[in-house]
Amino acid sequence: MSWRHAAIAEVRPETAHAKTLVLDVDGWPGHRAGQHVDIRLTAEDGYQAQRSYSIASAPESPRLELTVERIEDGEVSTYLVDEARAGDEFELRGPIGGYFVWHAGLDGPLVLVAGGSGLVPLVAMLRHRRAARDMTDARLLLSARTADDVLYRDELAALGAGDVAVRLTLTRAAAPPPEFPEAWTRRIDRAMLEELGPAPGTGARIYVCGPTPFVEEAARLLVELGHDARSVRTERFGPTGG
Amino acid sequence: MHTDGNAIAGVLEEVFARDVTATDRVCQSCRARRAIGAHRLFRGAGMVLRCPACGDIAAAIVAVEQGYAVSIRGTWLFK
């Protein structure tokens with residue numbers, strides 16, 4: 001797996017803290033939904049910083065897209081979110097990971113549980129499902145601080161109006177936003193996951209991604225509900241310098 | 001705060017020349033069989049992967065000049 005040359009073709013704001021970078025990558029071999037890439041930035045003095053970012057785009061997308069959330073005082077994310085412009089270049093390697101992946105045609109309902117920007121690899125799965133015209137029962141529960149922190153808000157509302165069950169919970173909001181009138185306003189709990197469904201024993205493939213405390217809690221609740229621990233795939237992100 | 005094996009999938013691929021996050025490992029201590037991606041990752045001077053069931057060490061990886069020093073334990077089931 002070698003480092004490739006990547007150039008930013010477009011920068012798309014998503015929220016006040018997150019942007020999507022649309023990339024042209026030399027010799028990109030394609031990817032599977034759920035995979036990530038490593039990015040390496042090199043300063044003029046040779047100092048290098050490396051971080052991992054999830055791929056947001058479907059494998060069918062003509063260009064690779066990464067959504068990056070700014071971590072305060074983060075070394076790499078602050079550059080990518082605040083400074084990076086079309087035409088900027090850096091090194092990238094990937095696609096990486098074979099555990100936290102999903103593709104059209106797999107059996108069993110698809111259940112996605114996201115905390116904050118943990119939504120990124122999961123939206124890649126939903127975009128892939130749509131591009132492949134896959135009819136798998138798909139459900140998403142997203143936990144975010146406020147409605148303004150919700151990534152891909154319009155797209156999620158459109159998916160929810162279609163054949164994906166999209167549920168939202170806002171941990172620091174008083175009321176649901178207009179396009180998600182059924183949103184909860186509390187931290188993730190067992191009742192929420194029970195309502196999201198499907199019931200244990202239906203062969204669901206469950207993907208949970210977010211900050212470590214969120215993932216631990218969601219995975220614990222899912223197993224407590226009766227889901228097979230091995231059907232719950234997790235991907236945690238934590239403070240690695242941003 | 002730990003993360004998990006997915007967070008060092010790139011480093012693991014450098015070491016093993018293939019993805020191993022989907023590879024199951026049987027723990028030498030508790031016999032639990034779990035994918036490497038499901039293992040807990042602790043970062044310090046190096047990277048330590050631990051069994052998600054019992055916490056015993058699955059791998060210790062330290063970056064050294066031009067590569068990595070790697071110690072692995074348990075049975076890794078490559079397919």
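In this convention, every chain numbers its residues from 1, walking through the sequence in written order. All chains are assigned letters beginning with A, and all ligands numbers beginning with 1, in the order in which they are written. Reporting in this predicted model follows two pLDDT cut-offs: at least 70 for local features of residues, and 80 or more for side-chain atom pairs to be given and counted; totals over whole chains, interfaces and linings ignore these cut-offs and use all residues. Processing note: side-chain calculations cover all non-hydrogen atoms of the structure and skip hydrogens and water entirely.

**Let's talk about the sheet that holds strand 6 (residues 57-64) of chain B**
Residues and elements named next belong to chain B.
- Only when DSSP finds a minimum of two bridges between them are two strands counted as paired. Secondary structure is summarised from DSSP: a helix means a run of H or I of at least four residues, a strand means a run of E of at least two, and numbering begins at the N terminus for each. Here five strands make up an open sheet; going across it, the order is 1-4-5-6-7 and the pairing antiparallel. In this open sheet, the two edge strands, each paired with only one partner strand, are strand 1 (3-4) and strand 7 (67-72).
- Any two residues having at least one pair of non-hydrogen atoms within 4.5 Å are treated as being in contact. The axes are straight lines fitted to the C-alpha atoms, using for helices just the contacting stretch, and the angles between their N-to-C directions are given from 0 to 180°. Here helix 1 (residues 9-16) sits on the sheet in contact with strand 5 (47-50), strand 6 and strand 7, set at roughly 90 degrees to strand 7.

**Thoughts on the packing of aromatic side chains**
- Between the rings of Phe, Tyr and Trp (Trp by its six-membered ring), a pair exists once the centres lie within 6.5 Å; its type follows the angle of the planes, with under 30 degrees stacked, over 60 edge-to-face, and the other angles tilted. Counted by the stated rule, this structure contains three aromatic pairs over all chains.
- Their ring planes at 40 degrees and their centres at 5.8 Å tell us that Phe16(B) and Phe78(B) sit as a pair that is tilted. In this pair, Phe16(B) sits in helix 1 while Phe78(B) sits in the segment after strand 8 (75-77), placing the two residues 62 residues apart along the sequence.
- Classification of Phe78(B) as partly exposed rests on a relative accessible area of 38%.
- An aromatic cluster is present here, built from Phe16(B), Trp76(B) and Phe78(B) joined pairwise through their rings.
- Over the ring of Tyr152(A) we find Arg127(A), and its NZ or CZ is 4.7 Å from the ring centre. Partly exposed describes any residue whose relative accessible area lies between the buried limit of under 20% and the exposed limit of over 50%, with all areas from a 1.4 Å probe on protein chains only and scaled to the type maximum. For a lysine, the NZ atom is tested; for an arginine, the CZ atom; a charge sits over a ring if that atom is within 6 Å of the ring centre and within 35 degrees of the ring normal.

**Description of the domain arrangement of chain A**
Residue and element names in this part refer to chain A.
- What the domain assignment lists for chain A is domain 1 (4-96) and domain 2 (110-237).
- For the domain bounds, the source is a domain assignment made automatically or taken from a database. For domain 1 versus domain 2, the distance between C-alpha centres works out to 24 Å.
- Facing the 18 residues of domain 1 at the interface are 17 residues of domain 2.
- When domain 1 packs against domain 2, the two sides together hide about 1300 Å² of surface, and 57% of this comes from carbon and sulfur.
- Each reported salt bridge corresponds to a side-chain nitrogen of Lys or Arg within 4 Å of a carboxyl oxygen of Asp or Glu. Between domain 1 and domain 2 we count zero salt bridges in total. What counts as buried area is the accessible surface, traced by a 1.4 Å probe, that two parts surrender upon association, with contributions from both included.

**A closer look at the side chain of Thr212(A)**
- One can find Thr212(A) in helix 5 (residues 212-225).
- With residues near it in sequence (within four places) discarded, Thr212(A) still touches Arg236(A), Phe237(A), Met1(B), His2(B) and Thr3(B).

**Thoughts on unusual backbone geometry**
All names here are of chain A.
- A cis amide bond links Gly 94 to the next residue, Pro 95, at an omega of 0 degrees.
- Of note, Pro 95 is situated in strand 6 (residues 89-96).
- With an omega of -5 degrees, the peptide bond between Gly 197 and Pro 198 qualifies as cis.
- On the secondary structure map, Pro 198 appears in the loop between helix 4 (190-196) and strand 10 (205-211).
- Positive phi is not limited to glycine here, since Arg 133 has a value of about 55 degrees.
- Relative to the elements of secondary structure, Arg 133 occurs in the loop between helix 2 (119-131) and strand 8 (138-144).
- For Arg 133, a relative accessible area of 72% corresponds to the exposed category.
- With phi around 50 degrees, Tyr 152 is a residue other than glycine that occupies positive phi space.
- You can call Tyr 152 buried: its relative accessible area is 5%.

**Re the packing of helix 2 of chain A against helix 3 (residues 153-161) of chain A**
All names here are of chain A.
- Packing of helix 2 against helix 3 brings their axes to within 12 Å, and their N-to-C directions diverge by 45 degrees. Here helix 3 runs oblique to helix 2, going by the angle between their axes. You can see that helix 2 and helix 3 cross each other, and the crossing is left-handed. Here Leu 119, Val 123, Leu 126, Arg 127 and Arg 130 of helix 2 lie close against helix 3, whose contacting residues are Glu 155, Leu 156 and Leu 159.
- In this count, Pro and Cys sit with the nonpolar residues alongside Ala, Val, Leu, Ile, Met, Phe, Trp and Tyr, while Asp, Glu, Lys and Arg are called charged and the others, Gly among them, polar. Classifying every residue of the contact of helix 2 with helix 3 by side-chain character gives five nonpolar, no polar and three charged. To sort the angles, those under 35 degrees are grouped as roughly parallel, those over 145 as roughly antiparallel, those from 65 to 115 as roughly perpendicular, and the leftovers as oblique. Each crossing gets its hand from how the near helix is turned against the far one by less than a right angle, where anticlockwise is left-handed and clockwise is right-handed.

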